[in-house]
Amino acid sequence: MAKPILIAGPCAAESKEQLLLTANGLRDSLLRRGLHLDFFRTGIWKPRSKPGDFAGCGEEALPWLQFIQQEYDIPVCVEIGTAEQLDLCEKYDIKAVWIGARTAVNPMAVQEIATAARNRDFTVLVKNPMVADLKLWVGNIERFLNVGLTKVMAVHRGFADSSESVYRNRPSWEIAIDLKVRFPQIPLLCDPSHIAGQRQYIAQLSQIALDYGFDGLMIESHCQPDQALSDAAQQLTPEELAQMLSELKFKDAMTSPAENELRKQRTQIHNIDTQLSVLLSKRMKIVDSIAKIKAEHNLPVVQPEQWNKVVRMYQDNSLQDDDYQEFITEFLELLHQSSIKRQRK
Ligand code: PEP
Ligand code: MN
């Protein structure tokens, strides 16, 4: 595998000082570990769901970013949602732009930007749309290829859906790999920050992406993550990011395909265990609030028809071998006893 592409920087541009502190930290922390940053990223026009939420500094931040580009000799990448924003980026010589997941659901907006990008020298990163629609993602990339852009990259940032998950956005490695099959020449990056939503999952998601053969990572980093005006829970300090990157396993370092495959499967198991552990605790907390309602309304602790539904659901999803059936029977018994015990307390 060629050296992975690395993009990092704060979710949003908050001030000149915040951008410079983050860029400085990234340079020092990465350099110390022999790592190289390919693009410094930040949002200056953020499409926030709630009106009034902090949306980045806007045009005011462009000269600061131009300064970072020159001072640190690193191309800057910002999110755009309109052709006018592309013009402004050109005015300040910003080298790269990305199409965010919200804009990516609107083919007309993407086409307008693509048309405006014709004959210009931008690197364009196309994030997957919020919805798990491969055609829409493919179509958005084609719009940029059709106007002759050659420096196009794709970014998997997960999909918004309502299924129970510990992640903010559900990753679909299958859809991302399908995209790679369609466009083998286009670098495919993973944005584990927006998949995770919380910083503790970023390392394992990054490892999974690398094991699937992604060409790079886009990760949010902020000089003071807890004070960040957007996406505070998912940002890493430059030092945390560099440390995490230095612990990732890259395929080049692997000795055999078997070892490679083993690591991929282990990371997936680790990923599933993380989710199971969080979901089980969440389940127990819900049991506690159900217990309260039952106590207040004098309802029985054990409601057999309710429990039978749970058992049937597990059986429907069960593997068919005897060992698994035995395991799931014992597991459900334990789960049930434990819930009853909590409710009786
Ligand atoms: C971002 O990268 O800060 C961002 C808003 O991304 P997305 O469009 O993936 O939500
Ligand atoms: Mn963000």
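Residues numbered from 1 in each chain as written. Chains lettered and ligands numbered in written order. Predicted model: local features only at pLDDT ≥ 70, side-chain atom pairs only at ≥ 80, totals over all residues. Heavy atoms only, no water.

Now for the coordination of the manganese ion (ligand 2). When four donors bind a metal tetrahedrally, each ideal donor-metal-donor angle is 109.5 degrees, and when six bind octahedrally, the ideal angles are 90 or 180 degrees. C11 (SG), H194 (NE2), E220 (OE) and D231 (OD) make up the full set of protein donors to the manganese ion (ligand 2), lying at 2.1 to 2.4 Å. On the basis of relative accessibility, which here comes to 1%, the residue C11 falls in the buried class. (Donors = N, O, S within 2.8 Å, 3.2 Å for Na, K, Ca; no water. Buried < 20%, exposed > 50% of the residue type's maximum accessible area, 1.4 Å probe, protein only.)

Every buried residue of helix α9 (residues 238-247) is listed here: P238, L241, A242, M244 and L245. Buried residues of α9 fall within an arc of 165° about the axis and therefore sit on the same side. Of the surrounding elements, those touching the buried residues of α9 are β1 (5-9), α1 (16-32), α8 (202-211) and β8 (216-220). (Helix = DSSP H or I, 4+ residues; strand = E, 2+ residues; numbered from the N terminus. Arc of directions from axis to C-beta. Contact = heavy atoms within 4.5 Å.)

The subject of this paragraph is the layout of surface pockets. In this structure, the largest pocket occupies an estimated 900 Å³ of space. Residue lining of the largest pocket: 26 residues in total, with R283, V287, W307, V310 and Y314 positioned closest to the centre. Elements with a minimum of two residues in the lining of the largest pocket: α10 (257-296), α11 (304-316) and α12 (322-344). With 11 residues, the single largest contributor to the lining of the largest pocket is α10. Residue composition of the lining of the largest pocket, by class: 15 nonpolar, seven polar and four charged. Estimates place the volume of the second largest pocket at around 280 Å³. Around the second largest pocket sit 18 residues that line it, and K46, P47, R102, R168 and D231 are the ones nearest its centre. Split by residue class, the lining of the second largest pocket holds four nonpolar, three polar and 11 charged. (1 Å grid on protein atoms, 1.4 Å probe; cavity = no way out; pocket = protein on both sides within 12 Å on 5 of 7 lines; lining within 4 Å. Points joined across faces, edges and corners; volume = space filled by probe spheres on them. Nonpolar A, V, L, I, M, F, W, Y, C, P; charged D, E, K, R; others polar.)

This next bit is on the pattern of salt bridges. Scanning the entire structure with this criterion turns up 16 salt bridges. A salt bridge links D87 to R120; its shortest N-O distance comes to 2.7 Å. Taken as a pair, D87 in helix α3 (residues 83-91) and R120 in the loop between α4 (107-117) and β5 (123-127) lie far apart in primary sequence, 33 residues in all. Note that D288 is salt-bridged to R342, the shortest N-O span being 2.9 Å. Of the two residues, D288 is situated in helix α10 and R342 in helix α12; the sequence distance between them amounts to 54 residues. A relative accessible area of 37% places R342 in the partly exposed class. (Salt bridge = Lys/Arg side-chain N within 4 Å of Asp/Glu carboxyl O.)

For the rest of this paragraph, the subject is the domain arrangement of the protein chain. When cut into domains, the protein chain gives domain 1 (5-251) and domain 2 (258-344). The C-alpha centroid of domain 2 is placed 36 Å from the C-alpha centroid of domain 1. Facing the 14 residues of domain 1 at the interface are 12 residues of domain 2. A per-residue breakdown of the area domain 1 buries against domain 2 is headed by V166, Q204 and D211, which together make up 40% of the total. For the pair domain 1 and domain 2, the interface holds zero salt bridges. (Domains from an automatic or database assignment. Buried area = accessible area lost by both parts, 1.4 Å probe.)

Judged by pairing direction, the barrel is parallel, and its eight strands sit side by side in the order β1-β2-β3-β4-β5-β6-β7-β8 before closing back on the first. Between one strand axis and the next, the sheet turns through 30° on average, direction left out of account. Bridging between strand β2 (residues 39-42) and strand β3 (residues 76-80) involves three bridges; their strand directions are parallel. Within the sheet, the bridge partner assigned to R41 lies in β3 and is C77. The strands that helix α2 (residues 61-71) touches are β2 and β3; relative to β3, the one it contacts most, it runs at about 150°. (Pairing = 2+ DSSP bridges. Axes fitted to C-alpha atoms, helices over the stretch in contact; angles between N-to-C directions.)

Taken together, the residues surrounding ligand 1 are C11, R41, K46, E79, W98, G100, A101, R102, K127, R157, H194 and E220. Within the side chain of R102, one N or O atom sits 2.9 Å away from an oxygen atom of ligand 1. Relative to its unbound accessible surface of 290 Å², ligand 1 loses 97% to contact with the protein. Applying the majority rule of atoms within 2 Å of the grid points places ligand 1 in the second largest pocket. Taken together, the residues of the shell around ligand 1 sort by class into three nonpolar, two polar and seven charged. (Near = heavy atom within 4 Å. Polar contact = N/O pair within 3.5 Å; in protein donor to acceptor, adjacent residues only side chain to side chain. Areas by Shrake-Rupley, 256 points an atom, 1.4 Å probe, with all protein chains shown as cover. Sits in = over half its atoms within 2 Å of the grid points.)

What follows covers the pairing of β8. In terms of burial, β8 is largely enclosed, as five of its five residues are buried. With burial as the criterion, each face of β8 is covered, one bearing G216, M218 and E220 and the other bearing L217 and I219. Strand direction decides the pairing type here: β1 and β8, joined by five bridges, are parallel. Bridging from a neighbouring strand, G9 pairs with E220 of β8.

Side-chain alternation along strand β4 (residues 96-99) places A96 and W98 on one buried face and V97 and I99 on a second face that is also buried. Taken together, the four bridges between β3 and β4 define a ladder with parallel strand orientation. In the strand pairing of β4, E79 is matched with W98. Between the parallel elements β3 and β4, the chain passes through α3 in a crossover that is right-handed. Pairing analysis gives four bridges linking β4 to β5, with the strands arranged parallel. Within β5, the position partnered with I99 by the bridge is V126. Crossover handedness for the path β4 to α4 to β5: right-handed. (Right-handed = clockwise from strand over helix to strand, strands pointing away.)

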